[in-house]
Amino acid sequence: MKLKLVFLLLILSACGDTHIEPIDHYILVHDNSSKVWLVDKQLDGDKDYTPLQIEYKEIIVFHESRNAYFHTLKTLGTKPGIKRSYWLDEAKKEFGFVGTRKNLVFEIVSMSRRRIVLKPKNNSYKYTIVLIPFPEY
């Protein structure tokens, strides 16, 4: 019994100085370097406007520098992507892209390592987009 008490005290004292830091949700987007996301769905209400052929789908490459590059798979490697910076406001549940002509602002519907769902705010974009990490084909 005394041994159990000593063991319990050791465990409690060892955990005394630890604290949990909140997750920086930017890491979900760029994985501390860069991460390629496929625009898996483009939805307008119940209608799906996602291209059927993979080569016409878009990818977004997110970098830790907070820059993102938009590419169509068909033109990847032949044309430069469209560069935009991005931001994330966890308190407002907003995600946005800053562009030269127009900013795109989205409500974060859900965000995880395997799926991000962004719904447009203020008519900044036509579609709700579903992003998934670029799949292995």
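This report concerns the structure included in the present document. (Residues numbered from 1 in each chain as written. Predicted model: local features only at pLDDT ≥ 70, side-chain atom pairs only at ≥ 80, totals over all residues. Heavy atoms only, no water.)

### Examining the packing of aromatic side chains
Then, number 1: One pass over the structure, following the stated rule, counts 11 aromatic pairs.
Then, number 2: Taking 5.9 Å as the distance between ring centres and 15° as the angle between the ring planes, the aromatic pair formed by Tyr86 and Phe95 counts as stacked. For the pair shown, Tyr86 and Phe95 are each scored as buried.
Then, number 3: The structure contains a cluster of three or more aromatic residues connected by ring pairs, namely Tyr26, Tyr49, Phe62, Phe70, Tyr86, Phe95, Phe97, Phe106, Tyr125 and Tyr127.
Then, number 4: It is Lys126 that lies over the ring of Tyr49; its NZ or CZ is 6.0 Å from the centre. (Phe/Tyr/Trp six-rings, centres within 6.5 Å; stacked < 30°, edge-to-face > 60°. Buried < 20%, exposed > 50% of the residue type's maximum accessible area, 1.4 Å probe, protein only. Lys NZ or Arg CZ within 6 Å of the ring centre and 35° of its normal.)

### Quick notes on the pattern of salt bridges
Then, number 1: Counting across every chain of the model gives 5 salt bridges.
Then, number 2: A salt bridge links Lys35 to Asp31; the shortest N-O distance between them is 3.8 Å.
Then, number 3: Note on Lys35: relative accessible area 11%, which makes it buried.
Then, number 4: Under the relative-accessibility criterion, Asp31 is labelled partly exposed at 33%. (Salt bridge = Lys/Arg side-chain N within 4 Å of Asp/Glu carboxyl O.)

### Concerning the side chain of Thr128
Then, number 1: Here Thr128 shows up in strand β9 (residues 128-133).
Then, number 2: Thr128 gets classed as buried once you look at its relative accessible area, which sits at 18%. (Helix = DSSP H or I, 4+ residues; strand = E, 2+ residues; numbered from the N terminus.)

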